[in-house]
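The residues making up each chain are set out below.
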Amino acid sequence: MAAALVGLGAGVLVPVLGAAPAQAARTTLPGALETRAQQTATVAVPVPAGVDPRWVTGALTVGDDARGTVLLLVNGDVVRSVPARAWQRVALPVGRGDVRPDGTIALGVRFRPDGERTGCRPVDPVDVRLANLHLLHQGTERVDLAPARFLPAAASRVDVVVPRNAPDDVLSAGLAAVGALAARYPAGVPVGLTTADVVLPRAGAGQRVLRITPGTGPAATSAEVRFGLPSLTVTGSGDDLRRTVLRLIGTSTGTGTGARGPRPDAEAGATVTRTLADLGVGAADAELSGYGRSATLLRLRQDAFGGPVDRLDLSLTGAHTGVPDGTRARLDTYLDERLVDSRTLGEGGSFSVETSVPGSRLGPTAELELVLTAVPEGGCTAGGLLPLQVQLDRDDSVLTADLDDGSAAGRAGRRELAAFPQALAGRLPVALRGAGPARTAAAADASLVVASLQRAAAYPLDVTVVDAEDLLSDGAGLLVGATWADTVAVRARLRPDDGGPRGAALQVAGEEGRPVLVLGALGPSSDVLRTWVAEEAARQGWDTLGGDALVSDGAAARPIGNLDPAALPGEVAQDVPDLAPEADERSYVGWFAAGIAVLLALLGAQLVATLRRRAPRPVSEPVSEPVSEPGPRP
């Protein structure tokens, strides 16, 4: 096993996957592409340093009864086009020359409906999605073991590992690391905290391990390839340990949800103004063109204004080309799927949209959609159509937010999961109950919630571990492993009951403008269910959670609202559809049994191979093109 130990300033490139395989290795990629027929959706997929990428494969789904062609792009160039089908496997050819300086390849997908070549698009939108992405590659990954360059531009998985009996300063550094990593890498890259006695899953090239251990003196770092995984160890204590970890990770937001400029340092009740450019809207997202129906969807993070929004005023400005005689054109504006403005376009010139929305109608991410609908005289078969274009001015389009002032009116409707992360105002204090390994297990569950919250935030969150009493008495945050007395103190609607049924919940509690997220078991032997609920929050994504709580009774988990204070998990989780198949894989008993079976199978295979004394097969089989074919829905 290759290993290297380096100081803070040294750098060593180490291949970590063994000899170059003759057949392509497969690495799961984070992210997915979604479009509604009018736009080209893009996603940056990571390519580990040193490997030779060959193909990117995925599952392509197109809305029912859609007729047209799906264009697949690599770095903006069309490399393949396939007829629209409800579901099919696709493969995009890629090469080393397609890898950009940041270590990624930009994949794109666009739906070209029948009739577009004649100048029109159908008015009805078509949903297109490319998911379940995998990279097929040859060669071995080269890992830079210099601590400052240890983390790659694009990763497949990052685990933060701490001792089972980690002290609070190590847990604080570990949770801060999880938050910083979740800000650096997009959803789909697993990030979480675990203990040193856990066998880590293998995600292929791009996987990293960050180990945080207690020590005396100034923080020290070392890196090595350990158990086949590149590992960076940081040893130290106190705030110095936490600062060192954050410095090595960096504080940039690479999730595609980041806003521009510093976080607004605004007090409750303040008025904050941001432009579309400040909120991270790109030039390509601020443009509409063509006939038929074209749309652009802008996702605006509420916490980019510095806190929970009580009222949002939109003042959008832009310009459009002149509408040809006989052509009918209309521009509609939607906010979170509600029509807020509609206007007919005429001669060329500027336009403006003015509207106001109460904060109670906004989720953690507000979706601002502009739709251009244009029908030319003579219909889609008419030739010689003049271009039609609408552009938003990203620097002059302004959104003004009145922040929640903490009054009774301002707090209305805030006792829900959608009140986060904006209710945190950029700071996430985490309180843990328990001692020893139980406390570390609570931190591991907390890390999943931290990652989910961070990926719904516009800026990196300041994550710290605090005393539970301090959190209960002052400020918003996350409490894990709450006792019955804790739930009474924060007026949580669901409370633990040793004599009740098994269950666990992630719920919103607190009062007087200080909402607290409470993650805990609700019945005996329910710690595993607490982990399951935390995993569901990370798997589903914070933006998709609704209601007051995410509750599990061991059979399923779902977000619910309008909780009855007397409701218990066994009652509130009735008639819940089964989770996706991957949820069934969370049974620890199943994993243990599967591990034993695999071990026995390997031993048996080795014995048979020894007895037969067969010569090894040649490994010169070339990499062939993956098949693109229709198939059953996944």
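Here, the structure is the one placed above.
Quick notes on the rules
- All chains use their own residue numbering, which begins from 1 and follows the written sequence.
- Given that this is a predicted model, residues contribute local features only at a pLDDT of at least 70 and side-chain atom pairs are listed and counted only at 80 or more, while totals for whole chains, interfaces and linings are drawn from all residues.
- Remark: hydrogens and water are excluded; side-chain values derive from all non-hydrogen atoms of the structure.
- Helix and strand labels come from DSSP, where a helix needs a run of H or I of at least four residues and a strand needs a run of E of at least two; each type is numbered from the N terminus.
- Whether a residue is buried, partly exposed or exposed follows from its accessible area with a 1.4 Å probe, protein chains only, as a fraction of its type maximum: under 20%, in between, or over 50%, in that order.
- We score Asp and Glu as negative and Lys and Arg as positive, and we do not count His or the chain ends.
- In what follows, salt bridge is the name for a side-chain nitrogen of Lys or Arg lying within 4 Å of a carboxyl oxygen of Asp or Glu.
- Think of a polar contact as two N or O atoms within 3.5 Å of one another; within protein, one of them needs to be a possible hydrogen donor and the other a possible acceptor, and neighboring residues in sequence only count if both atoms come from side chains.
- Pairing between two strands is assigned when DSSP locates at least 2 bridges connecting them.
- To get an axis, a line is fitted to the C-alpha atoms, and for a helix only the part in contact is used. The angle between two axes follows their N-to-C directions and goes from 0 to 180 degrees.
- Centres within 6.5 Å make a pair out of two Phe, Tyr or Trp rings, where for Trp the six-membered ring is used; the pair is then stacked when the planes are under 30 degrees apart, edge-to-face when over 60, and tilted otherwise.
- Here, a charge over a ring means that NZ of Lys or CZ of Arg falls within 6 Å of the ring centre while also lying within 35 degrees of the ring normal.
- Between 65 and 115 degrees an angle is taken as roughly perpendicular, under 35 as roughly parallel, over 145 as roughly antiparallel, and anywhere else as oblique.
- Rotating anticlockwise by less than a right angle from the far helix to the near helix defines a left-handed crossing, while the corresponding clockwise rotation defines a right-handed one.
- Between two residues, a contact is recorded if the distance between any of their heavy atoms is within 4.5 Å.
- Residue classes follow a fixed rule: Ala, Val, Leu, Ile, Met, Phe, Trp, Tyr, Cys and Pro count as nonpolar, while Asp, Glu, Lys and Arg count as charged, and any other residue, Gly among them, counts as polar.

## Focus: the side chain of R455
One can find R455 in the loop between α4 (437-454) and β28 (462-466). No salt bridge is formed by the buried R455; the nearest opposite charge belongs to D543, separated by 11 Å. A polar atom in the side chain of R455 sits 3.2 Å from the backbone oxygen of Y185.

## Digging into the sheet that holds strand β24 (residues 365-375)
In spatial order, the strands read β19-β24-β21-β22; together these four strands make up an open sheet with antiparallel pairing. Bordering the open sheet on either side are β19 (292-301) and β22 (338-344), each of which pairs with just one other strand. The average angle at which neighbouring strand axes cross in this sheet is 15 degrees, direction not considered.

## Details of the packing of aromatic side chains
According to the stated counting rule, one finds zero aromatic pairs in the structure shown. Positioned above the aromatic ring of F150 is the side chain of R208, whose terminal nitrogen or guanidinium carbon lies 5.7 Å from the ring centre.

## What to know about the sheet that holds strand β7 (residues 77-83)
Read from one edge of the open sheet, four strands run β4-β9-β6-β7, paired in antiparallel fashion. Both outer strands of the open sheet, β4 (41-46) and β7, are each paired with one neighbouring strand and no more. Each strand of the sheet is rotated relative to its neighbour by a mean of 25 degrees, with strand direction disregarded. As paired elements, β4 and strand β9 (residues 104-113) share six bridges and run antiparallel to each other. Residue V43 lies in a different strand from β9, and its bridge partner there is L107.

## As for the packing of helix α1 (residues 168-184) against α4
At a closest axis distance of 8 Å, the pairing of α1 and α4 adopts a crossing angle of 25 degrees. Considered as vectors, α1 and α4 are oriented roughly parallel to each other. Crossing of α1 against α4: the hand is right-handed. Residue-level inspection shows D168, L171, L175, V178, G179, A182 and A183 of α1 in contact with α4, the latter providing R439, T440, A443, A446, S447, V450, A451 and Q454. A class-by-class count of the residues in the contact of α1 with α4 yields nine nonpolar, four polar and two charged.

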